[in-house]
Protein chains: 4
Amino acid sequence: MNGYAMNKKDLQDRLRRIEGQVRGLHRMVDEDAYCIDILTQLSSASAALRAVGMGLLDGHVRHCVAESIEQGKGDAKIEELMAAVARLAK
Amino acid sequence: MNGYAMNKKDLQDRLRRIEGQVRGLHRMVDEDAYCIDILTQLSSASAALRAVGMGLLDGHVRHCVAESIEQGKGDAKIEELMAAVARLAK
Amino acid sequence: MNGYAMNKKDLQDRLRRIEGQVRGLHRMVDEDAYCIDILTQLSSASAALRAVGMGLLDGHVRHCVAESIEQGKGDAKIEELMAAVARLAK
Amino acid sequence: MNGYAMNKKDLQDRLRRIEGQVRGLHRMVDEDAYCIDILTQLSSASAALRAVGMGLLDGHVRHCVAESIEQGKGDAKIEELMAAVARLAK
């Protein structure tokens, strides 16, 4: 089971919405929208993407990482987790 | 003229690619991919989006902001710019 | 004249406060404070540091960059500015 | 025991160095250094602070969080952890 299994539907809805936001950015560029308006939209898509990342991380820690620790083999999972946090925090 | 007019094609190609990356994230969730693999893809889409933002910002400063300053009315544009930078840097 | 000349005192007060926060972090580690409490303090120092950076950036654009543009030699300044924004936004 | 107990000395050295960097920023402002040079130093202090945060987080997960999970009471610790990650990732 995946860490995000329980809210898979919510995750997909959010990703679908972000995909629409990125498509919207493309359209704004196409229609020569004002740079700052595009940047505002872009920051909003970027924040939404990060929120999805935090949600995935949360589920991953609660399930995959916690399980591995319970089975006494958490080290590799924690290593992997911290690398993912570092990439996300950049 | 927009600040990004000169590399509009490049901008649109990059946004198209990011849209594909987000769609790929959706597919990964659909296929129950491993959380960390999804997070890696997500961090990559997020970095690509930020890079587009930096590109837009660059063009905006070089054109719109510079022009306003040359015309002696840069204050409002700089105010607006700094707010956009703050949103992007978050 | 520097871009931050007008609020130099405010800038220095804020940096002094951040220095105190970092010293406080050192003390917390020394006294074996709880990791999460240290992290909370660290995030606060980090946000304060970024706020100072945004303030410096603001003054820099309003003064140094705007002046250079008015004198018709803004290109190098804008190049330099965007590199600083990129480092700060990381 | 704290999660960072094993590298307390290293942590303190790094915090000491960051404190010096912030004091250096104060001095640069005092001596009217060029905005961009101050910003470069500030970005470096900011990255060093974030690196300390990641190190603290790592130790916290490996020790405090892992222990709580092994004792079957990981939920609150994970909740707390995710909030700290969110603050740090901002």
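All of these numbers come straight from a predicted model, not from anything done at the bench.

Chemist: Any chance you could explain the side chain of Ser68 of chain A here in plain terms?
Modeler: With respect to the secondary-structure elements, Ser68 of chain A resides in helix H2 (residues 35–70). Beyond its immediate sequence surroundings of up to four residues, Ser68 of chain A is in contact with Lys73, Gly74 and Lys77 of chain A.

Chemist: What should I look at first to understand the pattern of salt bridges in this one?
Modeler: Opposite charge on two side chains lets them pair, provided their charged atoms get close. Taken as a whole, this structure holds 32 salt bridges over all chains when the rule is applied. Put simply, Arg16 of chain B and Glu19 of chain B hold a salt bridge, and the shortest N to O gap is 3.2 Å. A residue pair is termed a helical-turn pair when its members lie 3 or 4 positions apart in one helix, as Arg16 of chain B and Glu19 of chain B do in helix H1 (residues 8–30) at 3 residues. The class for Arg16 of chain B is partly exposed, based on a relative accessible area of 44%. Relative accessible area serves as the criterion here: at 3%, Glu19 of chain B is assigned to the buried category. Among the salt bridges present, the one from Asp32 of chain D reaches Lys8 of chain C, with a minimum N-O distance of 2.8 Å. Taken together, the residues Asp32 of chain D in the loop between helix H1 (8–30) and helix H2 (35–70) and Lys8 of chain C in helix H1 (residues 8–30) connect one chain to another. On the accessibility criterion, Asp32 of chain D (40% relative accessible area) is partly exposed. Among the charged side chains, a salt-bridge network with shared partners connects Arg16, Glu19 and Arg23 of chain A together with Arg16, Glu19 and Arg23 of chain B.

Chemist: Help me understand the relation of the copies chain C and chain B, please; the structure alone is not making it clear to me.
Modeler: The operation relating chain C to chain B is a screw motion whose rotation component is 180°, with 0.0 Å of axial translation and a residual RMSD of 0.0 Å. As the rotation angle and translation indicate, the two copies are arranged about a two-fold axis. When C-alpha positions in chain C are compared against the rotation axis, the closest is assigned to Ala89 of chain C, at 2.1 Å. Residue by residue, 100% of the interface of chain C is reproduced at the interface of chain B, so both copies engage with the same surface.

Chemist: In this structure, what is going on with the packing of H2 of chain A against helix H2 (residues 35–70) of chain B? I would like to understand it.
Modeler: Between two packed helices, what matters for the description is the angle formed by their axes and the separation of those axes. Orientation of H2 of chain A relative to H2 of chain B, taken along the N-to-C sense of each, is 160°, at an axis distance of 10 Å. Of the possible angle classes, the one that applies to H2 of chain A and H2 of chain B is roughly antiparallel. Helix-helix and strand crossings are classified by hand; for H2 of chain A and H2 of chain B the assignment is left-handed. When its residues are assigned to classes, the contact of H2 of chain A with H2 of chain B shows 22 nonpolar, 6 polar and no charged.

Chemist: For this particular structure, what's the right way to read the nonpolar core?
Modeler: Generally speaking, a soluble globular protein has its nonpolar side chains buried in company with each other. Leu57 of chain A, Leu57 of chain B, Leu57 of chain C together with Leu57 of chain D are the most contacted members of the largest nonpolar core, which has 124 residues in total. Those residues in contact with Leu57 of chain B that sit more than four places away from it in its chain are Leu39 of chain A, Leu81, Val85 and Leu88 of chain B together with Met82 and Val85 of chain C.

Chemist: When you look at the relation of the copies chain B and chain A in this model, what are you seeing that I'm missing?
Modeler: Look at the two chain copies: a rotation about an axis and a shift along it is all it takes to match them. Expressed as a screw operation, the relation of chain B to chain A combines 0.0 Å of axial shift with a rotation of 180°, fitting to an RMSD of 0.0 Å. In this assembly, 100% of the residues forming the interface of chain B have copies in chain A that are likewise at the interface, indicating an isologous arrangement.

Chemist: Which parts of the structure should I look at to understand the interface of chain B and chain A?
Modeler: A common way to state how big an interface is: give the accessible area lost once the parts meet. Taken together, the contacts link 44 residues of chain B with 44 residues of chain A. Carbon and sulfur atoms make up 65% of the area that chain B and chain A hide from each other, which totals about 4100 Å². Linking chain B to chain A there are 4 salt bridges. In this structure, the connection of chain B to chain A is made through 18 residue pairs in polar contact (both at pLDDT 80 or more). Those elements that place two or more of their residues in the side of chain B that touches chain A are H1, H2 and helix H3 (75–89) of chain B. When residues of the side of chain B that touches chain A are assigned to their parent elements, the largest contribution, 17 residues, is made by H2 of chain B. Partitioning the side of chain B that touches chain A into residue classes produces 24 nonpolar, 9 polar and 11 charged.

Chemist: Would you explain the interface of chain C and chain B in this entry?
Modeler: Contact residues are listed per partner, giving 17 residues for chain C and 17 residues for chain B. Overall, the association of chain C and chain B removes approximately 1600 Å² of surface from exposure, summing both partners, and the carbon and sulfur fraction of that is 75%. Per-residue buried area on chain C facing chain B is highest for Arg62, Ile69 and Met82 of chain C; these three make up 34% of the total on that side. Linking chain C to chain B there are 2 salt bridges. Arg62 of chain C is the partner of Glu79 of chain B in a salt bridge, and the nearest nitrogen-oxygen pair spans 3.6 Å. The interface formed by chain C and chain B includes 0 residue pairs in polar contact (both at pLDDT 80 or more). Those elements giving two or more residues to the side of chain C that touches chain B turn out to be helix H2 (35–70) and helix H3 (75–89) of chain C. Element by element, the count of residues in the side of chain C that touches chain B is highest for H2 of chain C, at 9 residues.

Chemist: What is the right way to read the layout of surface pockets from this model?
Modeler: The gaps left among the atoms become clear once a water-sized probe is rolled over them. Space inside the largest pocket adds up to approximately 940 Å³. If you trace the largest pocket, you find 40 residues lining it, with Ala89 and Lys90 of chain B, Arg50 and Ala89 of chain C together with Lys90 of chain D closest to the centre. Those elements that place two or more of their residues in the lining of the largest pocket are H2 and helix H3 (75–89) of chain A, H2 and H3 of chain B, H2 and H3 of chain C together with H2 and helix H3 (75–89) of chain D. Per-class residue counts for the lining of the largest pocket are 19 nonpolar, 9 polar and 12 charged. Estimated volume of the second largest pocket: approximately 170 Å³. The element contributing the most residues to the lining of the second largest pocket is H2 of chain D, with 4 residues. Tallied by class, residues from the lining of the second largest pocket come to 5 nonpolar, no polar and 3 charged.

Calculation rules
- Residues numbered from 1 in each chain as written.
- Chains lettered and ligands numbered in written order.
- Predicted model: local features only at pLDDT ≥ 70, side-chain atom pairs only at ≥ 80, totals over all residues.
- Heavy atoms only, no water.
- Helix = DSSP H or I, 4+ residues; strand = E, 2+ residues; numbered from the N terminus.
- Contact = heavy atoms within 4.5 Å.
- Salt bridge = Lys/Arg side-chain N within 4 Å of Asp/Glu carboxyl O.
- Buried < 20%, exposed > 50% of the residue type's maximum accessible area, 1.4 Å probe, protein only.
- Least-squares fit on C-alpha atoms with pLDDT ≥ 70 in both.
- Axes fitted to C-alpha atoms, helices over the stretch in contact; angles between N-to-C directions.
- Parallel < 35°, antiparallel > 145°, perpendicular 65-115°, else oblique.
- Left-handed = near helix turned anticlockwise from the far one by under 90°.
- Nonpolar A, V, L, I, M, F, W, Y, C, P; charged D, E, K, R; others polar.
- Core = buried A, V, L, I, M, F, W, Y, C linked by side-chain atoms within 4.5 Å.
- Buried area = accessible area lost by both parts, 1.4 Å probe.
- Polar contact = N/O pair within 3.5 Å; in protein donor to acceptor, adjacent residues only side chain to side chain.
- 1 Å grid on protein atoms, 1.4 Å probe; cavity = no way out; pocket = protein on both sides within 12 Å on 5 of 7 lines; lining within 4 Å.
- Points joined across faces, edges and corners; volume = space filled by probe spheres on them.

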